[in-house]
Amino acid sequence: MFYIVVSPLGLFAQPDSLIQLPEPMGVKTLLSVFENYRFPHLANTGTKILQELSETYGRQGKPMLQQHAWMYATSLQAEMLEDLDATIELLKNRSEWASKNGWPSIAAQLQFYAGNSYFSRGKKGPGFEYMLRAYNKLEQMDSTQVPLLYHYAHHLASAYYNLGDFENSIRFTTTYEKTDLKWLPEPDRYGFRNSMGMAYLQLKKYDSADAFFNKSHLSASLGGDSAWMALAHGNLGYSYYQQGRLEEALPLLQTDFKTSLKHDLKESAVNAGLLVSRVFLAQQDLAAAQQMMSAIDTLMPVVAAVETRKQYFELKFQLAQKQNQWQQAAAMADSALRYHTAADNNQNDAITARVRNKLETENYLSSIASLQAQRNTEVMLRNALLGLVVVTTLLVLLFINRYRIKKQKEADAAYYARQIAEDKLQLMKSELDQYTLRMKDKAALTQKLQDEIDALKLQHHQASAEKENVLQQLLQASILTEEDWDTFKSLFEKVHPGFLVRLRQTFPDLTPAETR
């Protein structure tokens with residue numbers, strides 16, 4: 001904790017611990033100063049302290065500390081503004097100024113704070129856009145320029161977790177794994193592992209969740225933080241409970257209950273105690289379950305969470321049933337039903353809010369996907385973000401796209417079918433024309449032969465009847481045969497389908513010869 005002495009003239013005397021901060025390790029301390037003054041009644045004081053620190057570091061020739069102190073002073077100024085547009089305008093203007101003055105990492109970090117301001121005030125879409133753009137820039141810089149990259153990864157991981165996108169939450173949280181631990185405050189070293197465990201738990205990837213809860217407990221034990229040790233083991237116990245490993249879950253949950261009470265974390269103690277009671281009920285140990293519920297009874301007046309109260313009355317109802325206390329069971333059932341309805345309404349509101357946030361972020365889907373592709377091509381935002389629960393809008397878009405593709409395929413198929421039919425028709429017309437031409441040639445040859453026979457008759461009227469009969473047979477052989485007629489008819493029907501049928505219907509008295 002930092003103690004700041006205020007002189008009568010209103011000037012701030014800076015403690016040596018702040019003035020003598022080393023680079024770049026001191027950036028972490030400046031972040032702590034910023035976090036300590038992020039309260040309405042302290043922000044103005046914190047702004048002045050950080051501004052004076054920035055000037056001091058500038059005179060000392062410590063550019064990184066100078067820039068970060070200036071940045072945190074700007075961020076506190078922005079947080080004092082109630083109007084979101086004014087907040088964003090200030091951060092954007094200061095970011096542009098930092099960029100022009102050769103402070104690229106500060107410019108990007110102020111852009112990130114602008115995104116965080118959007119996100120924290122309900123503007124999820126632009127919040128993600130600003131934060132991801134800024135993070136992409138910061139990640140490409142040298143680590144000495146951005147010693148607190150993990151801090152921004154943590155914000156993004158939390159944002160994705162709140163939207164229910166646990167895969168992306170894990171991806172950003174793993175940035176901690178790549179961070180040199182000397183930059184990480186002790187609580188962050190076990191806090192981030194606990195966060196990863198919770199994300200894996202939501203995805204029901206229990207092996208990974210259990211591994212990170214154990215790592216979190218180990219880090220907390222090395223740091224001597226008994227509260228975090230209990231929290232990590234409590235979460236591990238909850239994971240075991242969900243897996244049905246009740247014998248392993250029970251001692252962890254009991255420890256969590258006792259340690260939470262020791263640190264006066266009453267709601268945490270209630271949550272752990274309810275799970276302990278569930279385990280005892282499953283084991284048919286009614287006396288132990290009753291004892292735990294009696295301990296929880298004394299804590300319930302401070303618990304406001306509807307979901308927790310619902311679970312409490314449900315367990316009271318189940319316990320009364322097993323103890324054959326039917327009047328007590330009826331009373332608990334009534335309370336459980338009341339809180340069950342309230343909890344369902346809260347859950348519906350939460351789902352509605354989450355869907356609304358997802359729909360809003362879809363307007364930024366392409367830009368977010370592009371930014372993430374620059375850093376990691378394996379990540380896609382489910383038609384981006386958001387691709388965890390398929391939103392109705394995405395289904396509609398997918399349906400429209402498939403419908404369009406289907407129609408396009410049908411149109412292409414129809415086009416090619418018409419082309420094939422036209423090619424076949426053209427081929428049959430060509431065959432018909434060629435066949436007709438051959439028939440004409442044959443008719444002309446027949447006529448010529450007829451003329452020659454007539455001439456021979458005039459010149460050789462003494463020709464025998466037998467020779468004339470031979471000439472008549474030759475003439476008949478040259479005329480259109482039945483086979484020729486059938487071939488012609490087949491080709492003609494293909495080119496002019498139905499013509500011969502309509503001809504017979506129109507002139508039913510035509511002879512086969514006249515039809516030909």
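Residue positions are counted from 1 within each chain, in the order its sequence is given. Given that this is a predicted model, residues contribute local features only at a pLDDT of at least 70 and side-chain atom pairs are listed and counted only at 80 or more, while totals for whole chains, interfaces and linings are drawn from all residues. The side-chain figures draw on all heavy atoms in the structure; neither hydrogens nor water molecules are used.

Enquirer: Let's hear about the packing of helix α6 (residues 104-120) against helix α7 (residues 124-139): which residues, and what values?
Expert: Only the contacting stretch of a helix is used when fitting its axis, a line to C-alpha atoms as for every element, and angles between N-to-C directions run 0 to 180 degrees. A helix here means a DSSP run of H or I that spans at least four residues, while a strand means a run of E at least two residues long, and both kinds are numbered starting from the N terminus. Close contact between α6 and α7 brings their axes to 7 Å; oriented N to C, the two are set at 160°. Between α6 and α7, the angle falls in the class roughly antiparallel. For the pair α6 and α7, the crossing hand works out as left-handed. Packed against α6, whose contacting residues are Ser105, Ala108, Gln109, Gln111, Phe112, Ala114, Gly115, Asn116, Tyr118 and Phe119, the element α7 presents Lys124, Pro126, Gly127, Phe128, Tyr130, Met131, Ala134, Tyr135, Lys137 and Leu138 at the interface. For classification, angles of less than 35 degrees are called roughly parallel, those exceeding 145 degrees roughly antiparallel, those between 65 and 115 degrees roughly perpendicular, and all remaining angles oblique. The handedness criterion is simple: a crossing whose near helix is rotated anticlockwise from the far helix by less than a right angle is left-handed, and one whose near helix is rotated clockwise is right-handed. Whether two residues are in contact is decided by their heavy atoms, any of which lying within 4.5 Å being enough.

Enquirer: I'd like a rundown of the environment of Gln202, residues and numbers included.
Expert: Residue position: Gln202 is located in helix α10 (residues 186-202). Sequence-distant contacts of Gln202, defined by excluding residues within four places in its chain, comprise Tyr161 and Phe166.

Enquirer: Please give an account of the side chain of Asp165 that cites residues and values.
Expert: Summarising the element assignment, Asp165 is placed in the loop between α8 (149-162) and α9 (166-173). Polar contacts involving the side chain of Asp165 include one to the side chain of Asn168, which spans 2.9 Å. Pairing of N or O atoms within 3.5 Å defines a polar contact, subject to two protein rules: one partner must be a possible hydrogen donor and the other a possible acceptor, and residues neighboring in sequence count only if both atoms are side-chain atoms.

Enquirer: So what's going on with helix α5 (residues 84-100)? Which residues, and what values?
Expert: In an α-helix, one turn spans 3.6 residues, which is why side chains three or four residues apart end up on the same side. Compared with an ideal rise of 1.5 Å per residue, which puts 17 residues at 24 Å, α5 spans 24 Å between its outermost C-alpha atoms and is within 8% of the ideal. Among all positions of α5, only Leu84, Thr87, Ile88, Leu90, Leu91, Ser95 and Ala98 are buried. In a view along the axis of α5, the buried residues occupy a sector of 160°, so they form one face of it. In α5, the exposed residues that point more than 90 degrees away from the buried face are Asp85 and Lys100. A helix is expected to span 1.5 Å for every residue after the first. The buried label applies to any residue whose accessible area, calculated with a 1.4 Å probe on protein chains only, is under 20% of its type's maximum; exposed applies above 50%, and partly exposed to all values in between. The reported arc concerns the directions from the helix axis to the C-beta atoms and nothing else.

Enquirer: Which residues make up the pattern of salt bridges, and what are the values?
Expert: A carboxyl oxygen of Asp or Glu within 4 Å of a side-chain nitrogen of Lys or Arg is what we treat as a salt bridge. As enumerated under the stated definition, the model contains 8 salt bridges in all. The salt bridge involving Asp297 is made with Lys316; its shortest N-O contact spans 3.3 Å. Linking Asp297 in helix α15 (residues 286-297) with Lys316 in helix α16 (residues 306-322), this pair joins segments that are 19 residues apart in sequence. By relative accessible area, Asp297 is classed as partly exposed at 27%. The buried category is assigned to Lys316, whose relative accessible area is 14%. Taking the shortest distance from any N to any O, the salt bridge between Glu307 and Lys310 comes out at 3.2 Å. On the criterion of helical spacing, the pair formed by Glu307 and Lys310 is a turn pair, its members being 3 residues apart in helix α16. For Glu307, a relative accessible area of 37% translates into the label partly exposed. Lys310 gets classed as buried once you look at its relative accessible area, which sits at 11%. Here the residues in one salt-bridge network are Glu35, Arg38 and Glu79, joined through shared partners.

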